[in-house]
Amino acid sequence: MRHNRLQLNSAKTEFIWCTTSRRQHQVAKEPFHVGSDTVQPASVVRNLGLFIDEELSMQDHITNLVRTCFSILRQLKSIKRSLPQDTTKLLIHSFITSRIDYCNVAFAGLPRSTLLRVQSVLNAAARLVCNARKFDHITPLLRDQLHWLRTPERVQYKLCLLTYKSLHDLAPSYLSGAITPLSSVSSRQRLRSSQSFDVAVPRTRTSIGNRAFCVAGPKAWNSLAPDVRSAESIGSFKRLLKTQLFRQSYDIPTSTS
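The structure contained in this document is the topic of the report that follows.

Calculation rules
- Residues numbered from 1 in each chain as written.
- Predicted model: local features only at pLDDT ≥ 70, side-chain atom pairs only at ≥ 80, totals over all residues.
- Heavy atoms only, no water.
- Helix = DSSP H or I, 4+ residues; strand = E, 2+ residues; numbered from the N terminus.
- Contact = heavy atoms within 4.5 Å.
- Lys, Arg positive; Asp, Glu negative; His and termini not counted.
- Charge placed at Lys NZ, Arg CZ, Asp CG, Glu CD.
- Buried < 20%, exposed > 50% of the residue type's maximum accessible area, 1.4 Å probe, protein only.
- Axes fitted to C-alpha atoms, helices over the stretch in contact; angles between N-to-C directions.
- Parallel < 35°, antiparallel > 145°, perpendicular 65-115°, else oblique.
- Nonpolar A, V, L, I, M, F, W, Y, C, P; charged D, E, K, R; others polar.
- Bend = angle between axes of the 7 residues up to and from the residue.
- Phe/Tyr/Trp six-rings, centres within 6.5 Å; stacked < 30°, edge-to-face > 60°.
- Left-handed = near helix turned anticlockwise from the far one by under 90°.
- Pairing = 2+ DSSP bridges.

## Digging into the overall build of the chain
Summing up its helical and strand segments, the chain has 10 helices and five strands in all. Summarising its shape, the C-alpha atoms of the chain cover approximately 60 × 60 × 40 Å along the three principal directions. Considering only contacts in the chain between residues 6 or more positions apart, those separated by 24 or more positions represent 59%. The positive charge centre, built from 36 side chains, and the negative charge centre, built from 17, are 2 Å apart in the chain.

Shown next as structure tokens:
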């Protein structure tokens, strides 16, 4: 920092220890010193709009996300009668779904009960766009009218897209370096799996490790159909990927167009 003529602002600097709830009591809570400055530990930190808590449960981020989205939905509902449906869709995409999809790869591996909170926002947005009542069945709206993916599939979509970019040199090096095709693993080059489009899945010992991109990304990628993974362009990959995840989300048979 001195070499680059930077000065530490201890009032705006914080650090966080991330570990499982079982090991929280083993983590030191004392501040540490950088020169003459003291940096205090925090239970939740914010980085580029993403709230990260000590257990990586994303509860604080999702709580803030749900609260903000429902506040916006209430404002949009008050002017709904003055807006055509296309304009309402555009506003929902700009203020709601874009927020839900932002950094949603951090939701990988979260419990279903946690993701249901995010899904409740999508359900409310769908009812607003389609002018449906509160207790109307939501699946026909999401599947037939809006063609929206559910929250788990939206997370899987982003994971697979990042993996595709990593395999085709379209992602930053810190992401590309986390993805290893089986065809490039010397110990597996004689196996039949090396001729497929699969990528290596590292072994981990913790539930937090299973949620890392180097693990969650390959798992999501390996679950895709071969024709999806072999797409030659990113445009065709997105189209095929959404088709598979859409059928998966709503249990649509593969033969259904």
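Continuing now.
## Overview of the side chain of threonine 114
Counting through the fold element by element, threonine 114 comes out in helix α3 (residues 112–130). Assessed through its relative accessible area of 4%, threonine 114 is described here as buried. When residues no more than four places from it in sequence are discounted, the contact partners of threonine 114 are Gln59 and Ile62.

## Looking at the packing of α3 against helix α5 (residues 151–167)
With their axes 9 Å apart at the nearest point, α3 and α5 run at an angle of 100° to one another. One finds that α3 runs roughly perpendicular with respect to α5. For the pair α3 and α5, the contacting residues are Leu115, Val118, Gln119 and Leu122 in the first and Thr151, Pro152 and Arg154 in the second. Counted by class, the contact of α3 with α5 contains four nonpolar, two polar and one charged residues.

## Quick word on helix α2 (residues 85–101)
Of all the bends in α2, the greatest, near 45°, is centred on histidine 93. Taken as a whole, α2 has its buried residues at Thr88, Ile92, Ile96, Thr97 and Ile100. Looking at the residues trailing α2, positive phi occurs at cysteine 103, about 55°.

## Structural notes on the packing of aromatic side chains
Enumeration according to the criterion identifies six aromatic pairs in this entry. On the basis of an interplanar angle of 85° and a centroid distance of 6.2 Å, the ring pair of phenylalanine 15 and tryptophan 17 is categorised as edge-to-face. Three or more aromatic residues link up through ring pairs in this structure, and these residues are Phe15, Trp17 and Phe32.

## Details of the packing of α5 against helix α10 (residues 234–250)
Their axes nearest at 10 Å, the elements α5 and α10 cross at an angle of 150°. The orientation of α5 with respect to α10, classified from their angle, is roughly antiparallel. Here α5 runs over α10; the crossing is right-handed. Contact with α5, carried on its side by Glu153, Gln156, Tyr157, Cys160, Leu161, Tyr164 and Lys165, involves Ile234, Phe237, Lys238, Leu241, Lys242, Leu245, Gln248 and Ser249 of α10 and no other residues of that element.

## Here's the deal with the sheet that holds strand β1 (residues 14–15)
With respect to topology, three strands assemble into an open sheet ordered β1-β3-β2, the strand pairing being mixed. Where the open sheet ends on each side, the last strands, each with one partner, are β1 and β2 (32–34).

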